[in-house]
Amino acid sequence: MDLSKDLVAASATPLVLAILAEGDSYGYAIIKRVAELSGGHLQWTDGMLYPVLHRLERQGHVAAKWAAAESGRRRKYYRITKEGRAQLAAHRQQWKAVDGTLRGIWMQACTV
Amino acid sequence: MTTLADQPLEEQIAQWRAYLRRRQAVHGPDVEELEGHLRDQLTALTEAGLAADEAFLVAVKRMGSLDALSREFARAHSERLWKQLVVSPDAAPANTSRTEMLVVLGLAVAAALAVKVPVLFGHPLSPQEELPPFYFRNASLFVFPLLAVYFMWKRGWNAPNGLWLALPFAAAAVFANVYPFHNPERLADVPQRSDTQVLTALHLPIALWLAVGVAYVRGRWFADGGRMNFVRFSGELFIYYVLIALGGGVVTAFTFMLFSAIDMNPEWFVGPWLLPCGAAGAVIIGSWLVEAKQSVIENMAPVLTRLFTPLFTVLLLSFLVTMAWTGNPINVKREVLIGFDLLLAVVVGLVLYAASARDPQAPPDFFDGLQLLLVVSALAVDAVALTAIAQRISEFGFTPNRVAALGENLILLINLAWTAWLYARFVRQRGSFAELERWQIAYLPVYAVWAALVVVLFPPLFGFR
């Protein structure tokens, strides 16, 4: 099952924020975590994560800093900020509302 | 990590990185971040058992198409589509750009202070009086040598070559200052200046600009493209200088406004310090900006050329038509020749900068026809003007100004006549545009040589009048 492009795009921000809420991370690890969490259903084009991260950084929802990785190269690590957590909470409310609405109508469809 | 020591793989990664770097919306650190991702992915894939080249293919595929990627980056960083000049920190390796900035600042300050050095030797700049003749004659010598030094530093010239280049500047300093120009103090409250001295002041920068050009092209004046790059540089520098001057005007206006508000008169600072020092330093700063941005921003001079070629063509044609219709002769006043010189210079500039931005391989198009029309109408206008002037030149006599103006008119006329011929051949597809470009380029030293002749020969020829 492949998710539609729009749905992938819409879910990207809350997903990234939620993963960063678990702990600081970097691009490649975030992609891996997404694949793990979605059981492979959510296939991102890897590169597309970075514009999302940069947009969040600019909005102040995440903060980034360069640090040395195990490989010796520099790596950019991202951390969720207080505003980011608030944003995540707001996203959560919205998704809950969507989820609840859809659930309601589909339950009806099942029972009818 | 054994796979990363793989030479072909490293080459592949380098190539991918190079592709990515070319994207305007993706900056240096982003490339580094994405490359880190690619390498992480490669490591994971090879650990899972893929061969290095297979892993590379898969990793690149997963990264997504570079077009889509740079589009997304552009959306996240829309300001990057407006190419940033000064604030893009990753355009060059940080060290060299910082050294360059220090060198440029040092030279700009040196140029600003050079203007003040003659004050120590009894050539004061006072706000009330007109510019003293000494500054007037030597204006280009305060800045151009430093500009040449900047290019020599930038292009990595060694000292012996630099000494050769010091020759024209030294010669210029001699010829600007040894001649006994007649400078009567004041006659009937009008400051009198010797004509040949004014000619020296006007022509010295033109002659010395060639020396700056030699420094710019690193001494290889005849090497491919060097001279045309210098033409491009000159045009952009002019535009930058005008912009900086406008900004300087705003600063000056506010200086007066603010200090007048507390009943202070900043004239002593603005006249002898802010204006001359700023004008000198701005040449260096402007040159650095042009150098820094040449790969970043579209050149302005060709854009202006495109805008003004049609306007000038219409202007010249309507002038010719009106003159033919009304039969009004050209009213030959004293300085009319200089006006027509300037007109020809503008037309040559339009041709030159159109050529500088043109692909020599492209076939003739509508704009080339327009340029030909512009050149031909300029020739016609100048021919009419020259006949009118020639009829009366005996009345005026041969003053240094008139001989200089006539010489310049001739030089520009020869250039334009041959340009018209080459353009006509090109438009009828008998010749190539490259010929025209070569002609324009080859002609460049002629201006400087004529200017040097005016500086060196005219004062003694005309008795330093």
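The paragraphs below set out a description of the structure included in this document. All figures in this text were calculated on a predicted structure; none of them were measured in a lab. (Residues numbered from 1 in each chain as written. Chains lettered and ligands numbered in written order. Predicted model: local features only at pLDDT ≥ 70, side-chain atom pairs only at ≥ 80, totals over all residues.)

Looking at the overall build of chain B
Quick reminder of the rule: Note on conventions: DSSP H or I runs of at least 4 residues are helices, E runs of at least 2 residues are strands, and numbering of each starts at the N terminus. Any residue with 12 or fewer other C-beta atoms within 10 Å of its own C-beta is exposed, any with 20 or more is buried, and the rest are partly exposed; the C-beta atoms used are placed from the backbone. In this description, a residue-residue contact is defined by the distance between C-beta atoms placed from the backbone, which must lie within 7 Å.
Scanning chain B from terminus to terminus reveals 15 helices and 0 strands. Counting all 465 residues of chain B, 30% fall into the buried class. Summarising the internal contacts of chain B: among those between residues at least 6 apart in sequence, 82% fall at separations of at least 24.

A few points about the overall build of chain A
Scanning chain A from N- to C-terminus turns up 4 helices and 3 strands. When the helices and strands of chain A are read in sequence order from the N terminus, they spell out α-β-α-α-β-β-α. Taking contacts inside chain A between residues at least 6 apart in sequence as the whole, the part at least 24 apart equals 52%.

Quick look at the sheet that holds strand β2 (residues 62-68) of chain A
All names here are of chain A. Our working rule: Should DSSP find at least two bridges between two strands, the strands are regarded as paired. Note on method: axes are straight lines fitted to C-alpha atoms, helices fitted across the in-contact stretch only, with angles between N-to-C directions ranging 0 to 180 degrees.
The strand order across the open sheet built from 3 strands is β1-β3-β2, with neighbouring strands paired in antiparallel fashion. The open sheet is flanked by β1 (25-26) and β2, the only strands paired with a single partner. For β2 and strand β3 (residues 74-80), the ladder comprises 7 bridges, and the chain directions are antiparallel. Opposite Val62, over in β3, you have Ile80 as the bridge partner. Packed on one face of the sheet, helix α3 (residues 49-59) meets β2 and β3 and runs near 115° to β2.

A word on the nonpolar core
In globular proteins that are soluble, nonpolar side chains generally tend to be buried together. All names here are of chain B. The following threshold applies: Residues enter a nonpolar core if they are buried, belong to Ala, Val, Leu, Ile, Met, Phe, Trp, Tyr or Cys, and are joined to the set through C-beta atoms within 7 Å. What marks off one domain from the next here is an automatic or database domain assignment.
Within the largest apolar cluster, 80 residues are counted, with the highest numbers of intra-cluster contacts made by Ala111, Leu147, Ala280, Ile284, Val347 and Ala378. Considering every element that reaches this core, the biggest residue donor is helix α12 (residues 336-356), with 12 residues. Counting contributing residues per domain, this core is built from domain 2 (94-181 + 189-293) and domain 3 (300-461), each supplying no fewer than three. Those residues in contact with Ile284, other than ones at most four positions away along the chain, are Val104, Leu107, Ala108, Ala111, Leu146, Leu147 and Tyr150.

Observations concerning the interface of chain A and chain B
Residue-level contacts link 15 residues of chain A with 18 residues of chain B. At 4 residues, α3(A) tops the list of elements feeding residues into the side of chain A that touches chain B.

Overview of helix α14 (residues 400-427) of chain B
Spelled out, the test is: One less than the number of residues in a helix, times 1.5 Å, gives the span that helix is expected to have.
The end-to-end C-alpha distance of α14(B) is 40 Å, a good match for the 40 Å that 28 residues give at a rise of 1.5 Å each. Of the residues trailing α14(B), B:Gln429 is marked for its positive phi of about 60°.

A short note on the pairing of β3(A)
All names here are of chain A. As judged from the 2 bridges shared by β1 and β3, these two strands associate in the antiparallel manner. In the strand pairing of β3, Tyr26 is matched with Tyr77. In sequence, β2 turns back onto β3 through a hairpin of 5 residues, with Gly72 there showing a positive phi of about 95°.

What to know about the environment of B:Ala451
All names here are of chain B. Mapped onto the fold, Ala451 is located in helix α15 (residues 433-461). Note on Ala451: 25 C-beta atoms within 10 Å, which makes it buried. Contact partners of Ala451, with chain neighbours within four places excluded, come to His203, Ile206 and Ala207.

A look at the packing of α12(B) against α14(B)
Residues and elements named next belong to chain B. Filter applied, for reference: Roughly parallel means an angle under 35 degrees; roughly antiparallel, over 145; roughly perpendicular, 65 to 115; everything else is oblique. Two helices cross in a left-handed way if the nearer one is turned anticlockwise from the farther one by less than a right angle. They cross in a right-handed way if the turn is clockwise. Gly is placed with the polar residues, together with every amino acid not listed as nonpolar (Ala, Val, Leu, Ile, Met, Phe, Trp, Tyr, Cys and Pro) or charged (Asp, Glu, Lys and Arg).
The geometry of α12 relative to α14 is characterised by a closest axis approach of 9 Å and an angle of 30° between their N-to-C directions. Between α12 and α14, the angle is such that the two are roughly parallel. The element α12 and its partner α14 pack so that their crossing is left-handed. Of the residues in α14, those in contact with Leu337, Ile338, Phe340, Asp341, Leu344, Ala345, Val347, Val348 and Val351 of α12 are Arg402, Ala405, Leu406, Glu408, Asn409, Leu412, Leu413, Asn415, Leu416 and Thr419. Counted by class, the contact of α12 with α14 contains 13 nonpolar, 3 polar and 3 charged residues.

So, the packing of helix α6 (residues 133-154) of chain B against helix α10 (residues 267-293) of chain B
All names here are of chain B. Between α6 and α10, the shortest axis-to-axis distance is 9 Å and the interhelical angle comes to 30°. Here α10 runs roughly parallel to α6, going by the angle between their axes. Taken as a pair, α6 and α10 cross one another with a handedness that is right-handed. In this structure, α6 contributes Phe142, Val143, Leu146, Leu147, Tyr150 and Lys154 to the contact, and α10 contributes Ala280, Val283, Ile284, Ser287 and Glu291. Along the lines of polarity and charge, the residues of the contact of α6 with α10 split into 8 nonpolar, 1 polar and 2 charged.

These figures come from the coordinates and say nothing about function on their own.
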